[in-house]
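Each chain is listed here by its residues.
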Amino acid sequence: MPPVPPWLKKLGSTLVTVAVTILGLLFVTFMIGRVMPIDPVLAVIGERATQEQYNEVFYDLGLDKPLIVQFAIYVANVLQGDFGTSIRTGQQVSDDIARVFPATLELATLGTLIGVFLGVPLGVLAAVRRGSWIDQLARFVGLIGYSMPIFWLGLVGLLLFYGILNWVSGPGRVGIFYQGIVEPITGMLLVDSTLRGEWEVFRDAFSHIILPASLLGYYSLAYISRMTRSFMLEQLNSEYIITARVKGLSERKVIWHHAFRNIRIQLITVIALAYANLLEGSVLTEIIFAWPGIGQYITVSLLANDMNAVLGGTIVIGTIFVCLNIFSDLLYRFFDPRSK
Amino acid sequence: MNELTSPSTKPTWREWLLAEEPTSRRQARAVGWYQGWLAFRSNTLAMIGLIILVFLIVCAIFAPLLATHDPYAQDLGQRLLPPGFQGNLFGTDSLGRDIYSRLLFGARISIYIVLLVAMVAPLIGLIIGTIAGYAGGWIDVVLMRITDIFLAFPRLILALAFVAALGAGIENAVLAIALTAWPPYARIARAETLTIRNTDFIHAIQLQGAGPVRIITKHIWPLCISSLVIRVTLDMAGIILTAAGLGFLGLGAQPPSPEWGAMISEGRKYILDHWWVATIPGLAIFAISLAFNLLGDGLRDVLDPKESGQ
């Protein structure tokens, strides 16, 4: 038998890690579903059902079997994309999530783009001009970003840019006149309206998304610029940079061709983490901006005691979170020659 | 010739605290604390953080004395008054309750939540991390795998699901936040334990016949505390924000309790016409988490210069 190449071994161990972590996630959500004070049978049939109906559903749900068997059934169902039926909407939770998820994806993607395009240059500049006003500014931006409750900033943003200045549209995804004009392709309104050439809808959707996306972008900006700064500082203090300067290379070349090139992989890792955080952080923002995404779906279901929907949403976000985490870790290990 | 005559006089407190060669264990410890304090005091931002925090704690302690109104007393005739109007410093909310007085009592809730989480989460992490680090072998693998699983979870979402299962309320919110916050502490405690485990003084205690429980609790835990304290201080802002987020969603403290997140949630409907109802509690949350962030950064610079990235 030929020896297993090391990259295959690494890939194998990573896949095992992903599987174990997701299994752990399922176990936690399963246990949450078990300890909750709501009777899952009554949640399905209502309170006025007869004892026979109760028993029937009780056996249907597999509640008579040992816990470990119940867990196995649960995992098998989830792996097939079956999260059960939502009590609130009366539909399959997986269908509901497929419908609301693109809205969150759109919001988080735009937010991350804003964070990257502003945060990376800010971090690089702060590192290069260390101690200058731009470094102070980066520090200030970060500090505010780490300290402000995101839902409050959303409210203040609405008050200022919608209520007083009237620069953007208010809560919601698109104005009432433009609803349902664009036939969904990807589910992301900006993309769909571009593909269909509906520029009016695009403009209206953009004026709705820009404020929440900028706020989310601000939070990832705070994180990305801080990390970029510390990565850059580490590079700028190393000897090859001194060598490059001694050789007489221009400052621009030293910074962008030498130092920045070496932090690209680390940066992608950070961006992936920032993206994962935004998917999660969008929960509160979606509530403020009445954004019909997965965060709002989870919260509304939660207030209606619709546990299937809550746990389904938790699993979807958790899985994406885990995958992004591990993806960034993998990227790091494969492309950074030092870790080989 | 002052120096020659002075040795007989008693050293001042300052000299005693700055002694190069402490003469007792107590003095050595006091010197360490005092030098740390001097380093901390020179950090302006950290001092600002400390001052804000002390101010908020004093407000919370003396809330009944400082409050101008009963925080729960409703008066529908006085609803939505603007700040400064008729003796209501920050105005009134939709039920006519004085926002200033509610803020003062709300500070108690926030500090209560932070303190509880800051005690529970590091303790869980400390226990798991030191056991994993000291025991090694398969126990280490299993415990760290569990830690990694929890670390990979989205925190707010998981806390939401926990609260949904346990029922809304402050204690459950604390439990949910603590259950999602412990993994980083476990990692730190394990890393510290691994470096301590093979030192000579631990071997010496083992030879004296000390059991693992005694070694972990009496000899390893005290050495893990300082790095945990830094991490906890840095995390406190995050704890406040998560707690406020849960309160905002209606899953933390229940009405009519003056929790800041819940107050923002109540004021949300009136944001366009009566901005102060939602804005002022948000400023309070911002102030306390900013204070914790400044303080945490300062503490890190003092206690752990290597990590500060300066």
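All values derive from a computational prediction rather than experimental measurement.

Novice: Help me out: how do you make sense of the side chain of Thr269 of chain A in this one?
Specialist: By secondary structure assignment, the location of Thr269 of chain A is in helix α11 (residues 251-288). Filtering out sequence-adjacent residues up to four positions away, Thr269 of chain A remains in contact with Ser328 and Tyr332 of chain A.

Novice: Would you take a moment to explain the packing of aromatic side chains for this structure?
Specialist: Evaluation of the coordinates by the stated rule reveals 13 aromatic pairs over all chains. Grouping aromatic residues by their ring pairs yields a cluster made of Phe27, Phe30, Phe71 and Tyr74 of chain A.

Novice: Would you explain the domain arrangement of chain B in this entry?
Specialist: When the parts of a complex come together, some accessible area is lost, and that lost area is often used as the size of the interface. On domain assignment, one finds that chain B holds domain 1 (11-42) and domain 2 (53-308). Computed from C-alpha coordinates alone, the two centres of domain 1 of chain B and domain 2 of chain B are separated by 31 Å.

Novice: Whenever I open this one, unusual backbone geometry confuses me. Can you help?
Specialist: Glycine aside, negative phi is the norm for most residues, and most peptide bonds take the trans geometry. All names here are of chain A. With phi around 60°, Asn166 is a residue other than glycine that occupies positive phi space. As for its placement among the helices and strands, Asn166 is situated in the loop between α7 (150-164) and α8 (189-196). With a phi angle near 50°, Ala290 is a residue other than glycine that sits in the positive phi range. Tracing the chain through its elements places Ala290 in the loop between α11 and α12 (294-303).

Novice: Where do I start with the environment of Leu159 of chain A in this structure?
Specialist: Relative to the helices and strands, Leu159 of chain A is located in helix α7. When the C-alpha atoms of Leu159 of chain A and Gly170 of chain A are compared, they prove to be 9.5 Å apart, with 11 residues separating the residues in sequence. Setting aside residues up to four positions removed in sequence, Leu159 of chain A forms contacts with Ile164 of chain A together with Ile271, Leu272 and Trp275 of chain B.

Novice: I would appreciate a short explanation of the confidence of the model for chain A in the present structure.
Specialist: Any segment with low pLDDT has predicted coordinates that should not be analysed in fine detail. Model confidence for chain A is summarised by a mean pLDDT of 83, while 95% of its residues fall at 70 or above. When mean pLDDT is compared element by element in chain A, helix α5 (residues 93-128) of chain A scores highest at 91, while helix α2 (residues 40-45) of chain A scores lowest at 68.

Novice: Sorry if this is basic, but what is going on with the domain arrangement of chain A here?
Specialist: Residues and elements named next belong to chain A. You can read the domains of chain A as domain 1 (6-79) and domain 2 (94-339). On a C-alpha basis, the centres of domain 1 and domain 2 stand 33 Å from each other. Across the boundary between the two partners, domain 1 contributes 16 residues, which contact 12 residues of domain 2. A combined buried area of about 1,300 Å² lies between domain 1 and domain 2, and 85% of that area is made up of carbon and sulfur atoms. Scanning the region where domain 1 abuts domain 2 turns up 0 salt bridges. For the side of domain 1 that touches domain 2, the secondary-structure elements that each account for two or more residues are α1 (6-35) and α4 (67-79). Of all the elements, α1 adds the most residues to the side of domain 1 that touches domain 2, at 12 residues. Taken together, the residues of the side of domain 1 that touches domain 2 sort by class into 10 nonpolar, 5 polar and 1 charged.

Novice: Honestly, helix α6 (residues 133-147) of chain A in this entry has me stumped. Any pointers?
Specialist: Think of an α-helix as 3.6 residues a turn; residues three or four steps apart then line up on the same face. Helix length check: α6 of chain A, at 15 residues, gives a terminal C-alpha distance of 21 Å against a target of 21 Å (1.5 Å per residue), a fit within 8%. For α6 of chain A, the elements touching its buried residues are α5 and α9 (199-236) of chain A together with α12 (212-248) and α14 (276-303) of chain B.

Conventions we followed
Residues numbered from 1 in each chain as written. Chains lettered and ligands numbered in written order. Predicted model: local features only at pLDDT ≥ 70, side-chain atom pairs only at ≥ 80, totals over all residues. Heavy atoms only, no water. Helix = DSSP H or I, 4+ residues; strand = E, 2+ residues; numbered from the N terminus. Contact = heavy atoms within 4.5 Å. Phe/Tyr/Trp six-rings, centres within 6.5 Å; stacked < 30°, edge-to-face > 60°. Domains from an automatic or database assignment. pLDDT = per-residue confidence, 0-100. Buried area = accessible area lost by both parts, 1.4 Å probe. Salt bridge = Lys/Arg side-chain N within 4 Å of Asp/Glu carboxyl O. Nonpolar A, V, L, I, M, F, W, Y, C, P; charged D, E, K, R; others polar. Expected span 1.5 Å × (residues − 1).

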